[in-house]
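Single-letter residue listing:
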Amino acid sequence: MLISSTTYAKTIIKGEIIAGGIILVNTFPGANVRLDGKEILVSDQGVFILGFQRKPKEIQVLQIIYDNKIVEEITLNVKKRSYIIQKIDGIEKEKVDPPQSFLDRIYLERKSVKESRNKALFIKELYYNNGFIMPAKGPISGVYGSQRILNGKAKSPHYGIDIALPEGSNVLAPMDGVVLFTDKNLYFSGGTIILGHGQGLTTSYLHLSKILVKKDEEIKMGHLIGKVGSTGRATGPHLHWGVELIGKRLDPQYLNVFKK
Ligand SMILES: [Zn+2]
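Residues numbered from 1 in each chain as written. Predicted model: local features only at pLDDT ≥ 70, side-chain atom pairs only at ≥ 80, totals over all residues.

Student: What should I look at first to understand unusual backbone geometry in this one?
Tutor: Glycine aside, residues mostly have negative phi, and peptide bonds are mostly found in the trans state. Backbone geometry at Gln 199 places phi at a positive 50°, although glycine is not the residue there. Tracing the sequence through the fold places Gln 199 in the loop between strand 16 (190–196) and strand 17 (201–208). Located in the positive-phi region is Asp 216, a residue other than glycine, with phi close to 75°. For Asp 216, the position within the fold is in the loop between strand 18 (210–211) and strand 19 (218–219). (Helix = DSSP H or I, 4+ residues; strand = E, 2+ residues; numbered from the N terminus.)

Written out as structure tokens, the structure is:
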């Protein structure tokens, strides 16, 4: 995929402005930034990232501010996407509609994942700026955004990419970062790792058979973090790979904006 770059008077935008996309922006040191009036995390050097949800607002306004004055205003026209419908049958019944007895457990797991992800907001180090590789290479068996029908029931969209690989295949850190969360057996996602890469950006790795990192560990791109499995809600071994930026669930394919 070609990565485009647009230069404005003070600001350079790299990446595609599209639903599920992520862009890398360089402006000047000391700048403050707002997107549709909302403050954005920016490094002292003027570096920041923005993400666009599955169904984003089509026109968003980026303001670069210095000394309480708007120095530059950039209108972002966010490209829409259409999503496929994916039907998956043969999933264990209780993994599609969990019995009452599991609801407390699921609630607590979601809470703990959310709390761990929130810690990503405090990672000032711009790990994402050190490069990007794929965490695993294999056939893509599930794409971002698809509307899913599991055992005949409409469920929430698929927020990630599924890579089909044999049980035990290596999963590598696609970028430098810090381990925010690990759990061997979450109800839906099974063996799970969440990494933080700076300014609220997180990536997650689900259904793992093995976890080879510890919480708070700092890791480098290419580090072996775990092994592919089929734990949690999975019909066969695969890696589910997800990306989130401050509450927005993005399409992992657009992380290639960080490729050196
Ligand atoms: Zn998946």
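Student: I would appreciate a short explanation of the domain arrangement of the protein in the present structure.
Tutor: A common measure of how large an interface is: the accessible area buried when the components associate. Each domain of the protein was delimited in the assignment, giving domain 1 (5–77) and domain 2 (85–247). Each of domain 1 and domain 2 was reduced to a C-alpha centroid, and the two centroids are 27 Å apart. Domain 1 puts 9 residues into the contact, and the matching count from domain 2 is 10 residues. Per-element tally for the side of domain 1 that touches domain 2: the top contributor is strand 6 (residues 47–51), with 4 residues. Looking at the side of domain 1 that touches domain 2, its residues break down into 5 nonpolar, 3 polar and 1 charged. (Domains from an automatic or database assignment. Contact = placed C-beta atoms within 7 Å. Nonpolar A, V, L, I, M, F, W, Y, C, P; charged D, E, K, R; others polar.)

Student: For this particular structure, what's the right way to read the nonpolar core?
Tutor: As a rule of thumb, soluble globular proteins bury nonpolar side chains together. Counting residues in each nonpolar core, the largest one holds 48 residues, and the members touching the most others are Ile 22, Ile 49, Tyr 205 and Leu 239. Among the domains, domain 1 (5–77) and domain 2 (85–247) are the pair contributing at least three residues each to this core. (Core = buried A, V, L, I, M, F, W, Y, C linked by C-beta atoms within 7 Å. Buried ≥ 20, exposed ≤ 12 C-beta atoms within 10 Å, placed from the backbone.)

Student: How should the sheet that holds strand 8 (residues 69–77) be read in this particular structure?
Tutor: For sheets, the rule is that strands pair by backbone hydrogen bonds, running either parallel or antiparallel. Ordered in space as 5-4-7-8, the 4 strands form an open sheet in which the pairing is antiparallel. Either end of the sheet is taken by a strand with one partner, and the two such strands are strand 5 (38–40) and strand 8. Each neighbouring strand pair of the sheet contributes to a mean axis angle of 30°, computed without reference to strand direction. Bridge analysis of strand 7 (residues 59–66) against strand 8 gives 8 bridges, and the strand direction is antiparallel. (Pairing = 2+ DSSP bridges. Axes fitted to C-alpha atoms, helices over the stretch in contact; angles between N-to-C directions.)

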